[in-house]
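A structural walkthrough
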Amino acid sequence: MRRRFVYFALAALLALLAAACGGGSESSATGTSGGGNNESISGSVSLMGIWVGTEQQSIQAVLDGFKEQYPNVDVKYNAAGDNIVTVLATAVQGGNPPDLATIAQPGTIAEYARAGELQPIDFAKDTIAANYDDSIVDLGTVDGKLYSFLFKGANKSTVWYNVPVFNDAGVDPPETWDDFLANADTLKASGVPAYSIGGADGWTLTDLFENIYIRTAGPEMYDKLAAHEIPWTDQSVKDALSEMAKVLGDTDNIAGGTQGALQTDFPTSVTQVFADPPKAAQVIEADFVAGEIVNSTKAKPETGFNEFAFPSINDSPQLVVGGGDQVVMFKDSPAAEALVEYLASPEAAAIWVKRGGFSSPNKNVSEDDYPDPILKATATALASAETFRFDLSDLQPSAFGGTVGQGLFKLFQDFLADPNDVDGISQKMEDAAKKAYGNQ
Amino acid sequence: MSGASATAEPPVREAPPSAEPGKWRQYAIAAAFLAPAAFFLGVWIIYPMIKTIIRSFYGRDGSDFVGIDNYRTLFSSDTLVRAIENNAIWVIVVPAAVTALGLLYAVLTERIRWAVAFKTVVFMPMAVSAFAAGVTWRIMYQQEPDRGAINAGIGAVKGVFSPTGVLSEAAPSSDALEQQPSGALTLAQPLQAGDVALLGLTRIRSEEVPEIAQQAVEPESKPGEITGVVWRDFKPGGGTPGKVEQEELGLPGVTVELRDSNGEAVETAKTADDGSFTFRDVSQGDYTVGIGASTFAQPFGGVSWLGSKLITPSIIISYIWIWAGFAMVVIAAGLAAISRETLEAARTDGATEWQVFWRVTVPQLWPVLTVVFITLLINVLKVFDIVLAVAPQSVQDDANVIALAMWRTSFGGVSDFGLGSAIAVFLFLLVLPILAIQIRRFRREQGA
């Protein structure tokens, strides 16, 4: 009896061990290779994305469209949420990444591509080149191979304002930077601070800098700075910082003053503009501000809130700084390739566009598909911009450009605290950049 | 520990020392009983520990051996040194403060009625997860008194002593008005009888202007009087500062002061619905006209609890709030076990309550106090969740502690698993001696 128990215990232990070892070798079924017919492709494919809640329902609708075209492929969507960078890093480190994933930082994509973790998607190059602007193809190219394309875009060159406050102060949406700054004085005199700044989230500050820099220094310099071919101590950077200081240094004109701004997170920076009484007149942030306004305030489009394009500085042409989620492929299979091709198509994008809350950089998506005029305006500006550039901080090594409390995020917060120290802060940025690029 | 003593016993009772096969069987049984625990310990503790130590000698992506570089970075990078310093503050302040507070509560609750209710309230925070408690505290710590409960409380008390002015946000519209150090606004030019005073103010929201306000009118000069107007010097588009224009409303009910050349207040007047006011019977000489500081008294702006300077003390307060209940319950249990006779004897011998407490109660409680202190010491070294929950992102560097630094380095976007592992190993080494002391104490108590 006792002996039997020992055998039983040993058997149970072995079973446990076997189960533990078996967990790692799970593999997705591979489909029959080649073949033109959609039904000939079978297997399963997983997509890991940042979208949760209503956005998760929307991506699911897009994937349902894929399932209709490829009935024999199982598509599974994993919602990783805001932690996607961490979840992906852990999955890759553990050797078990998803087939496809979305990443918001081209810098991270380049790191993964150079480390050999990503599979090139050159097979879809024709589809992508036909549907997207060249700048987006360039963006997805690392060392001559295409690794990603921008699926969901964000237009970061927008300013959102409280319409009654603008009417009360008698100011119009400005077209030039000078008008913008003059408006700020008028708004202040009317009793409402002009700016709401979400300084607790460093990325709102880098977004503001990028919009100023691309207008004062031009897209070529922007690319050089993004690649760290010019130092952050360059005069062009200092000039842009000085322009930025005209906003950040106007302490009386910022809701809550400098200290208040440093503790204001992005959602609050939006809601306080549309609160009653309003704490500020306008917030400089991307098109996703609209979602925050609709979800968290009572303001209605056009009568309560509206947007204008980031004003031109020194006659700069129409420029859009943007961001967004890019699709990358970790594991190659016919099913994964089919999904990449599908997501790059206008049909896939149109499904989400009609559901709202989605700006497609795909230029073959009809602008009539957008459900409301404000979204149509920002999305069209994104897809048809004369010059589109990706968010500069997202192009940096993540330790420098994408980490909370470090690098650019932290240094721009320091700049917000002391906007007079242009020379000092640009030197600190250069030091941090050197260190981050050195570690790559 | 308990497993070892349990398996050591049966052979003594059952197996004869000479029977070799029986002994083998005993070992097999011992192994079978230990195996599940050993397996889980191995997979979730031993293996990750060894792997982490090895990983800490490799670089970011784990392919290149970097020796002790990660450990060098650990002690040279500003953010990590800051984390170590903060952790030192935690270790010095928190275990002592919590133990002292717990002792105080425990002794006091022995003497009050409703002790159970009081203890329940103090112990309640332990039932809440540290993260949830952290989120709650973060909301209470908000600077804006409209949002943060603590600043709202301070603001309410302050408001009683120095009420907010009716035009707290207002500012002069032109250089004609000067802001005095006291906060009062006065006209820069001295006035004489027969002059007109124009006090234009801006930065007043249109909704803040009282409904009875009427169109401002530029006052006429009258001999022997100083006439003037206080008005909202703003119309849509801005208007011309310093000039009374159409669409600009007077500010009713504002107290205007007339001061002589010595700065003494001679007369005050209240503005009418159109903002006009008059000082009659003004004698010879220079006067200044202005609006007193109380009109512009700022509302309480709130203490910056979550700012870079106060963040660590703020988090420590919330942590003490959570753990004081735990300390109180453990110490109260120890207190109940003390023999009353020793206390009675001390009192009979003429000791004061103070002496009884320090010379009789505390020495008998010493073992319990040590347990509480060491438990907190280990917890404080590993403190993580509440720091993450309370500190806003902009001050995470200032609030950083070792465990948070480890998490941020490995998973917070830096993705430097090598450096992260080095921080984890460092933290482990810090906890190790305390664990050793704890185990030795435990053994000694079991032996006794």
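Calculation criteria
Residues numbered from 1 in each chain as written. Chains lettered and ligands numbered in written order. Predicted model: local features only at pLDDT ≥ 70, side-chain atom pairs only at ≥ 80, totals over all residues. Helix = DSSP H or I, 4+ residues; strand = E, 2+ residues; numbered from the N terminus. Rg over C-alpha atoms; globule rule 2.2 N^0.38 Å. Buried ≥ 20, exposed ≤ 12 C-beta atoms within 10 Å, placed from the backbone. Contact = placed C-beta atoms within 7 Å. Axes fitted to C-alpha atoms, helices over the stretch in contact; angles between N-to-C directions. Parallel < 35°, antiparallel > 145°, perpendicular 65-115°, else oblique. Left-handed = near helix turned anticlockwise from the far one by under 90°. Nonpolar A, V, L, I, M, F, W, Y, C, P; charged D, E, K, R; others polar. Core = buried A, V, L, I, M, F, W, Y, C linked by C-beta atoms within 7 Å. Domains from an automatic or database assignment. Pairing = 2+ DSSP bridges. Arc of directions from axis to C-beta. pLDDT = per-residue confidence, 0-100.

Here we come to the overall build of chain A. Looking only at helices and strands, chain A has 20 helices and 12 strands in total. For 440 residues, the compact-globule estimate of 2.2 N^0.38 gives 22 Å, and chain A sits close to it at 24 Å. Viewed in the frame of its principal axes, chain A has a C-alpha envelope of about 90 × 50 × 45 Å. Taking all 440 residues of chain A together, 52% fall into the buried category. Counting contacts in chain A only where the partners sit at least 6 residues apart, residues at least 24 apart contribute 76% of the total.

The next point concerns the overall build of chain B. Secondary structure summary: chain B contains 14 helices and 9 strands in total. Compactness check: chain B gives a C-alpha radius of gyration of 36 Å against a globular reference of 22 Å for 448 residues, more than 25% above the reference. C-alpha atoms of chain B, sized along the principal axes, occupy 130 × 75 × 35 Å. The 448 residues of chain B split such that 31% are buried.

We now examine the interface of chain A and chain B. Taken together, the 41 residues of chain A in the interface contact 37 residues of chain B. Counting residues per element, the ones that place at least two in the side of chain A that touches chain B are α1 (2-22), α3 (84-93), α7 (163-169), α8 (177-189), α12 (257-262), α18 (398-401) and α19 (407-417) of chain A. Broken down by element, the residue count for the side of chain A that touches chain B peaks at 7 residues, all from α1 of chain A.

All names here are of chain B. For the pair helix α4 (residues 78-109) and helix α8 (residues 311-337), interaxial distance at closest approach is 6 Å and the crossing angle is 40°. It follows that α4 is oblique to α8 by the angle criterion. Judged by the twist between their axes, the crossing of α4 over α8 is right-handed. In terms of residue class, the contact of α4 with α8 is made up of 20 nonpolar, 5 polar and no charged.

It is worth spelling out the nonpolar core at this point. Of all hydrophobic cores here, the largest spans 139 residues; its most connected members are Leu100, Ala281, Val328, Leu339 and Val340 of chain A. The dominant element in this core, judged by the number of residues it contributes, is helix α9 (residues 202-217) of chain A, at 8 residues. Structurally, this core is a two-domain feature, drawing no fewer than three residues from each of domain 1 (42-155 + 322-390) and domain 2 (158-320 + 392-439) of chain A. Excluding residues within four positions of it along the chain, Leu339 of chain A makes contact with Val45, Leu47, Phe66, Val75 and Leu100 of chain A. Counting 51 residues, the second largest nonpolar core, distinct from the first, contains Trp90, Val122, Val380 and Ile423 of chain B.

A few words now on the domain arrangement of chain B. Each assigned domain of chain B is listed here: domain 1 (2-55), domain 2 (69-151 + 305-447) and domain 3 (171-296). Computed from C-alpha atoms alone, the centre-to-centre distance between domain 1 of chain B and domain 2 of chain B is 36 Å.

Moving on, we get to the sheet that holds strand β3 (residues 185-187) of chain B. Residue and element names in this part refer to chain B. Pairing is antiparallel across the open sheet formed by 5 strands, whose spatial order is β2-β3-β9-β6-β7. Edge positions in the sheet fall to β2 (177-179) and β7 (265-270), since each of these pairs with one other strand and no more. Each strand of the sheet is rotated relative to its neighbour by a mean of 30°, with strand direction disregarded.

Reading across from one edge, β8-β9-β7-β10 (chain A) is the order of the 4 strands in this open sheet, with mixed pairing throughout. Each edge of the open sheet carries a strand with a single partner, namely β8 (195-196) and β10 (305-309) of chain A.

Next up on the list: helix α6 (residues 130-140) of chain B. All names here are of chain B. Burial in α6 covers these residues: Ala130, Ala133, Gly134, Trp137 and Arg138. Burial along α6 is one-sided: seen end-on, the buried residues are contained in an arc of 140°. Check the buried side of α6 and you find it contacts α8 and α11 (385-390).

With that settled, the discussion passes to the domain arrangement of chain A. Interfaces are frequently sized by the accessible area removed from exposure as the parts join. Residues and elements named next belong to chain A. Domain annotation for chain A reports domain 1 (42-155 + 322-390) and domain 2 (158-320 + 392-439). Look at where the C-alpha atoms of domain 1 and domain 2 centre, and you get two points 27 Å apart. Listed by contribution, the elements that provide at least two residues to the side of domain 1 that touches domain 2 are α4 (106-114), β6 (148-155), β11 (319-329), α17 (373-383) and β12 (387-390). Top contributing element to the side of domain 1 that touches domain 2 by residue count: α17, with 5 residues.

Residues and elements named next belong to chain B. The pLDDT averaged across chain B works out to 87; a share of 95% of its residues lies at or above 70. Of all helices and strands in chain B, the one with the weakest mean pLDDT is helix α1 (residues 2-13) (46), whereas α11 scores best (94). Low pLDDT, under 50, characterises residues 1-12; the stretch is placed with 6 contacts to residues that sit more than four places away or in other chains. Predicted complex, confidence summary: ipTM 0.72, pTM 0.77.

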